[in-house]
Structures are given as structure tokens and as C-alpha cells.
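Chain by chain, the residues run as shown.
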Amino acid sequence: MSRVLRAYQAILPLAALVACSSGEKTAATDSASSSDPQATSSAATGTASVSGAQIAVTHAGPPGEWQMPAGDYASSRYSQLASITPQNAANLKVAWAFSTGVLRGHEGQPLVVGNTMYVVTPYPNVSYAIDLAQTGQPLKWKFRPQNDQQAIGRACCDVVNRGAAYADGKIFYNLLDGHTVAIDAATGNQVWRTKMGDLSRGETITMAPIVVKGKVIVGSSGGEMGVRGWIAALDAATGKEVWRAYNIGPDKDVKVGPKFKTFYAHDRGKDLGATTWPGDTWKTGGGAVWGWLSYDPALNLIYHGTSNPGPWNENQRTGDNKWTASILARDADTGEIVWALQVTPHDMWDYDAVNENILVDLPIKGQTRKVLVHFDRNGFAYTVDRATGEVLLAEPFVPMNWSTGIDLATGRPKVVETKKTAQDKNVKDICPSLEGGKNQQPAAFSPQTGLFYVPTNNLCMDFQARAVTYIAGTPFIGGNAPEKGGPGGYRGEFIAWDATTGKKIWGIKEPYPVWGGALATAGGVVFYGTLDGWFKAADARSGKVLWQFKVGSGVVGNPVTYTGPDGKQYVAIYAGIGGDMGLLIAGDVAANLPFDVRERGTTLPDIAKWTSWGGELFVFSL
């Protein structure tokens, strides 16, 4: 994970109130501080489509339901529903709304199964089942789990939860304190509860699980706390752990064996997860799995990214630091690694690689290739052969200057020497910042256009590494990284991307980072939310904004669409600013915290003009 937390240790005793609520910041140029969000949101012209592009795995369940975080194993966030079109999107209205009763960052998305919607809140991770078939949408049940309050102070970057998954009559989701739970979808009764993380070491869980072949796949958070990242599988019926694989350490722990056939020669060798670290520093080296998961049933491979190496101070961990900042493909039955691609070797900028891997079949150079497309924090969009890990194409999708490109012969970035960080050296103007060209906010893909729809950030940073000592359960960072607006006078952009050419087709510039996820639909409309509280619909081909509505708080969650009991198409989105962007670097968006125990954000000091903390579900229809 990526954060700047100078004041974190100073306020740790107050963590129950203000976990991770202050950042190491200096005064920075505020590139859009006086701009009206409506006036500065502008679309670049350009239309294109990629014929022959297909999603690798079909939608989970009926088209009118949303049963898993991204709608399918491919992480496409595409819906076949087509009632909302560019011709009628301007007629969208609020159908109903629901207060979650919780503030802080509402990342993730609701699920819809049959005539029931399932909602999971940030800590304390309360879940709701909402009856869509009755007027007024009453609750079928409310489940309030046991959830250790100490988790608030251990969480790096707000107390977010990225959602649940449904399978076999159960709702599965993770608790901030390191447990995974299964809830009976009909009754709201807890079926099982399994401890997965060690809170005393700083292990929390914020990611959304997926269910594969009767196993719930779960990963850890805590890359800034010196954890040793892992991914694990639980039996969906009993909650018993089936397998667990670490992402750093000796081969036997990482599950590197005979199946490991990675594409690049420099990624082959014995115990690389340990030997590419000095001494035993891998034991506190990060590599968590707090982002999104994908699965290819034909290859039986689970795809996931890993977070930054710890600490940020690169002088304390010479070497490539495998397998942090990497994309890993694992056998779903055993957890064994089949291939690995370290997109940012020896990461010294906090460029986690946990972003989603979208599984698609694309025409590339006259041949249909089975690929995954990954928009990395480091600013490059990767088109990768998902069977082998070969990088077929990698191009910048945001303004960036730390690298001049990716060497396709090795898959490694060409690093600009003047942008390398070092202990006690202040390196200026590194782009993108540690928030990345894109952070956790997931992209979407439409097989109609063959394009990817990507919420992006345009921020840069100064970076100064410093020596740090590991103390279990406390921040293990070793760096300051104040951020500022990137070039061009905007701090975010929603773009359409062609992954066969590595080109941006169109973009809608926004005054703030676009921290909410994307949704693509068969009606030719894409949806996204903004940090200053707008929910928008755009034409998938042209980027023209068709409709927008000001929701009650900044959007850091992801839209979904479903068919209601009345046969109409609905679109749902959380409103609730928070997460790393809405908590650590936003200025004064929380009215209920004493000002004197937290530092006002300097990256987005003016955002409180437009939004405040909240916790609301909005549902729209024609």
C-alpha cells in the first residue's frame, strides 16, 4: 500500500479516532484549487473500437444480477444490460437511497442476488441484506460481526472494505481485524468465522474475496507495517484453510515448484523470494495482497498483484526484492506459482502492483491472444500473455517521468537515474506519485468497443527516504513523500484505452484524482464517480458526458448495475469519501474529528468545499 504517514506514530495513541489521518506533507502547488468541478471536467475528442475483443470468462449468474466483486472472474466490470443508452441516460433519476450508518471510505460495491441487495460497510464491517421486491426496500437482515477495535489503529490507509462475494447461498467477506466470515444469505446468520491475519503484527484485511471451485480466496493487507504478505484459500463450506502461500521468502513458502515456468530468464532461480533480499529482511518485506483477484477456469489460474516492498527506504533492502510489486499466476487448487512478472523490481517509489488484472482475448498483430491487461501504479498499462507472463505491450497511460519505457526483451522498466531515491536524499518531482497512475479504483472493459475504461490520477511527489527500525505492529515506512498536482492543471482523468496499441482514445479531465471505479454496459454507457462527489455517465465510444448527479459524499466505490423486480435496469453506487485519497491527503473533510490531532491535507486542501465524509448507497434508474 502507499501512504505518507509522518504523523501516524505521533497520533498512534489516538488511533481509535484518527487512524492514519495525517500525512507527511509540505505545501504543494494546487493545480486545480480554484476550479469548479463542473466547469473543468472536459472530454478529449476521439472514437475508436477494437473488433474481435472478448471477455475471457462469462458473467457470474444471470445478466441482471451482480454476484461477485467485478461481476465475473475476468474482472471486466461489464454488464450485458442495455436499457440505459446514450440516447436516454440524461433521464436517469434517483430511485432510492440507503444510509449505511458508517462514515469513512466506502470502497467496494454492493452485490445483487435474486431480489436481494447485499451491502458491506467500512469498519465495523456491518453487512445488510436489502429487500428489492418491497416498497421502501426494507432490510431482510443486518449482521454486525465481532471486529477488534485495535484494527482501526493498525490499518494503514483508512478502515475500508472492498466488498463481498456470493456463492452457494452464502455471503463471504473480510473483516478489518484479519478474519474472514461466511454469512447465510437468506437468514444473516454467521456460518463460520476464520482468523487469517495476526493483528499484533499489523496484518489487516481490506480486499474483496472471490470464490473458486469451492474455495474462498483471501489476501492480506499491511505492507506499510512490515508484514510478510500472503494469499490463502479457505473451504467455502467449513472455513478451514486449504492452502496458504507467502509472496516473499524461500520457494517452499512461496509455493515455487515444478509448475513454475516463468517467461523471463532473470525470474528463474532457486529461492529468489529470499536471495534477492539482504539477509533475512524478506521476513518484514511487505508484498501484501490487498487488491483485486481474477481467475481463468480454462487455465485454472488465479491472478493477483503484490504490494510494495518494506520499508520504503530502498537502501535497507538492496536487490530486486522478489516477489513484491509483481503480478503472480497461481494454480487455484494448490496455490503453486505458475508464472511471475515483477513489474517494478526493487520498487523505491511505493508502486504496489495490486491493481486488477482484466482477462480478455484481444487481436494483437493479426492474432487473437489470451491476455491480461493491468494498469499499474507505476504508470504503465501492461498487455500480458496470461498463460506465460510475457509482456506483449506496455505503454504509459498517465503523465510519468521515472522511466523511459519497458524493455520487452526483459519485461523490466528503464529507470531514469535522476528519479531514483536514496536515504537522506530528497528527489524532486517524481511522476506519478506513490498514489500511482491508478490505485485500487478498478477499470472496466467493454467487448462492444474493445476498450478499457480507466479512472486515473495525475499527481507527482518529492521523495526523501530515511532510516527506520522494524517494531511489530507499527508503521515500517522510512520515507516522506509530499504530493502535488501533475502536469496539465488537472489531478485526475477518466480515460478510454486501447490495449492492442497502447493508446488513449479519449479522456475526461477532472480536477481531482478519479478514485472511484468504472462500469461498462451493453447499452454503450460507462459510469464512474469522482472524489468531489459526482456520479457520471459517459458515452463509451466518444467520452461525451451524458449525465451527472451530485451524491452526498465523494465517490471512492465502484458502480454496479442490475435488473430490479420490476424489470427495469438500475445502477448503484456508494457515496462516502475516504480511503488513502479521501483520508490521508484530503483537507478537512471530516467534521467530527478534533482538528488539533490531525494535519490538514495539503495535496487536496480545497476538496472540503465540495464534499465531506458520508456513508450512503444511491440507486438510479430511468
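Residues numbered from 1 in each chain as written. Predicted model: local features only at pLDDT ≥ 70, side-chain atom pairs only at ≥ 80, totals over all residues. Heavy atoms only, no water.

(A) Expanded view of the nonpolar core. Counting 72 residues, the largest nonpolar core has Trp339, Leu362, Phe375, Phe452, Tyr453 and Trp497 as its most contacted members. No other element matches strand S21 (residues 357-364), which puts five residues into this core. Counting residues in each nonpolar core, the second largest holds 48 residues, with Trp96, Val120, Trp547 and Phe620 among its members. (Core = buried A, V, L, I, M, F, W, Y, C linked by side-chain atoms within 4.5 Å. Buried < 20%, exposed > 50% of the residue type's maximum accessible area, 1.4 Å probe, protein only. Helix = DSSP H or I, 4+ residues; strand = E, 2+ residues; numbered from the N terminus.)

(B) Quick look at the state of the cysteines. Counted by the stated rule, this structure contains two disulfides. The disulfide that involves Cys156 links it to Cys157, with 1.9 Å between the sulfurs. With the S-S dihedral at roughly 40°, the linkage between Cys156 and Cys157 falls on the right-handed side. Exposure class is identical for Cys156 and Cys157. Each is buried. (Disulfide = S-S within 2.5 Å.)

(C) Expanded view of the sheet that holds strand S11 (residues 179-184). Spatial strand order, S9-S10-S11-S12: four strands in an open sheet with antiparallel pairing. Looking at the sheet topology across the chains shown, the edges are occupied by strand S9 (165-167) and strand S12 (190-195). Direction aside, the axes of adjacent strands within the sheet are offset by 20° on average. Note: strand S10 (residues 170-174) against S11, five bridges, orientation antiparallel. When the sheet's bridge partners are listed, Phe172 is paired in S11 with Ala182. (Pairing = 2+ DSSP bridges. Axes fitted to C-alpha atoms, helices over the stretch in contact; angles between N-to-C directions.)

(D) Up close: unusual backbone geometry. Cis rather than trans, the peptide bond between Gly310 and Pro311 has omega equal to -5°. Note on placement: Pro311 falls in the loop between strand S18 (301-305) and strand S19 (326-331). The omega torsion across Cys431 and Pro432 is -5°, close enough to zero to call that bond cis. Turning to its location among the elements, Pro432 is positioned in the loop between strand S27 (426-430) and strand S28 (444-446). One non-glycine residue, Arg104, lies in positive phi territory at about 80°. Within the fold, Arg104 resides in the loop between strand S4 (93-99) and strand S5 (111-113). Of the residues examined, Arg104 reaches a relative accessible area of 11% and is grouped as buried. Although it is not a glycine, Asn300 sits at a positive phi angle of roughly 55°. Position of Asn300 relative to the elements: it lies in the loop between strand S17 (294-296) and S18.

(E) View of the pairing of strand S14 (residues 215-219). Burial runs high along S14: five of the five residues are buried. For strand S13 (residues 210-212) and S14, the ladder comprises three bridges, and the chain directions are antiparallel. Across the sheet, residue Val211 finds its bridge partner in S14, namely Val216. The turn linking S13 back onto S14 is made up of two residues, and Lys213 within it adopts a positive phi angle of 50°. Sheet topology places S14 next to strand S15 (residues 230-235); five bridges connect them, and they run antiparallel. By the bridge assignment, Val218 is partnered in S15 with Ala232.

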